Amino acid sequence: MGEAQQATTYVAIGDSFTEGLNDPDPGGEPDRFRGWADRLAEHLARERPGLRYANLAVRGKLLRQVVDEQVPRAVGLDPDLVTFCAGGNDMIRPGADPDALAVVFDDAVRRLRGTGAHVVVFTGFDTGKLRAGGRIRGKAATFNMHLRAIADVRGCTVVDLWSASAFHDPRAWYEDRLHLSPEGHRRMALRVADAIGLDVDGSWHEPWPEPGTAPDWLTQRRQDLHWARTYLLPWIGRRATGRSSGDGREPKRPTPLPL
């Protein structure tokens with residue numbers, strides 16, 4: 001049995017990707033999400049009844065904020081397994097330096113590995129395959145190369161999302177074009193389980209059902225306008241005023257508890 005399957009305490013750290021936007025929590029609490037990390041913990045708990053799980057991820061956080069705020073808390077929880085994904089919010093900001101970010105990421109991984117935990121890190125998605133993502137593709141690819149090198153040196157598991165073609169389908173994404181859909185989160189949990197050698201039912205790369213008729217040009221432009229008004233403009237407004245969607249927000253699951 002591998003390290004992940006033997007874990008008794010799993011801690012997830014990161015931003016909105018790991019918090020679970022936009023995968024509604026089955027408990028029905030407003031503005032609370034389930035997400036792939038919760039789903040992964042459920043898979044792990046079937047192998048290790050009594051598994052304790054904490055999720056410290058908070059939407060909108062930059063890499064430095066994740067490292068400063070979440071990594072020390074994760075270390076203090078004495079985990080066996082840590083999933084660490086951060087840097088995506090940095091990548092979409094002008095002037096992001098993937099080389100400098102890699103130095104910060106490496107130090108965080110060093111500290112996490114110092115606990116003896118099995119650490120899982122993630123490459124970014126191939127943004128060239130996503131709508132409105134082509135402009136940051138070069139920076140994302142550079143950051144990915146750093147992450148792979150860090151994982152190799154530090155002895156981490158890498159979840160390769162760049163080549164994960166199942167997530168190139170638009171149905172894997174929520175209408176904001178930035179976060180996974182519920183089905184995307186379900187597949188992501190299976191993708192991580194596959195990376196850590198956990199046997200689960202289902203496959204993350206199972207074929208998608210045949211799509212229906214593609215929307216016509218006018219419908220697509222209406223969708224673009226809705227997206228810009230609903231998601232892009234508020235995001236620009238927050239950037240212009242120095243605000244974040246995670247301001248004042250606490251982690252949804254700060255203490256390792258059984259599911």
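Before reading further, recall that the structure is shown in the block above.
Bear in mind that the values here come from a model prediction, so they are computed numbers and not experimental data. (Residues numbered from 1 in each chain as written. Predicted model: local features only at pLDDT ≥ 70, side-chain atom pairs only at ≥ 80, totals over all residues. Heavy atoms only, no water.)

Caption draft 1: How the structure looks around the pairing of strand β3 (residues 81–85). Most of β3 is tucked away, with 5 of its 5 residues classed as buried. Inspection of the sheet shows β3 paired to strand β4 (residues 118–122) by 4 bridges, in the parallel sense. Bridge pairing links Phe84 to Val121 in β4. (Buried < 20%, exposed > 50% of the residue type's maximum accessible area, 1.4 Å probe, protein only. Helix = DSSP H or I, 4+ residues; strand = E, 2+ residues; numbered from the N terminus. Pairing = 2+ DSSP bridges.)

Caption draft 2: Expanded view of the packing of aromatic side chains. In this structure the tally under the stated criterion is 10 aromatic pairs. Note on Phe84 and Phe105: the rings are 4.3 Å apart at their centroids and 5 degrees apart in plane angle, and the pair reads as stacked. Of this pair, Phe84 sits in strand β3 while Phe105 is found in helix α6 (residues 98–113), placing the two residues 21 residues apart along the sequence. In this structure, Phe84 and Phe105 share a single accessibility class: buried. On the basis of an interplanar angle of 10 degrees and a centroid distance of 6.3 Å, the ring pair of Phe167 and Trp204 is categorised as stacked. Of this pair, Phe167 sits in the loop between β5 (157–159) and α8 (182–195) while Trp204 is found in the loop between α8 and α9 (217–240), placing the two residues 37 residues apart along the sequence. On the basis of relative accessible area, Trp204 is assigned to the buried category, the value being 12%. Joined through ring pairs, the aromatic side chains of Phe17, Trp36, Phe122, Phe125, Phe167, Trp173 and Trp204 make up one cluster. Over the aromatic face of Trp208 sits the side chain of Arg187, whose NZ or CZ is 4.0 Å from the ring centroid. Arg191 extends its terminal NZ or CZ atom over the ring of Trp204, reaching a point 4.9 Å from the ring centre. (Phe/Tyr/Trp six-rings, centres within 6.5 Å; stacked < 30°, edge-to-face > 60°. Lys NZ or Arg CZ within 6 Å of the ring centre and 35° of its normal.)

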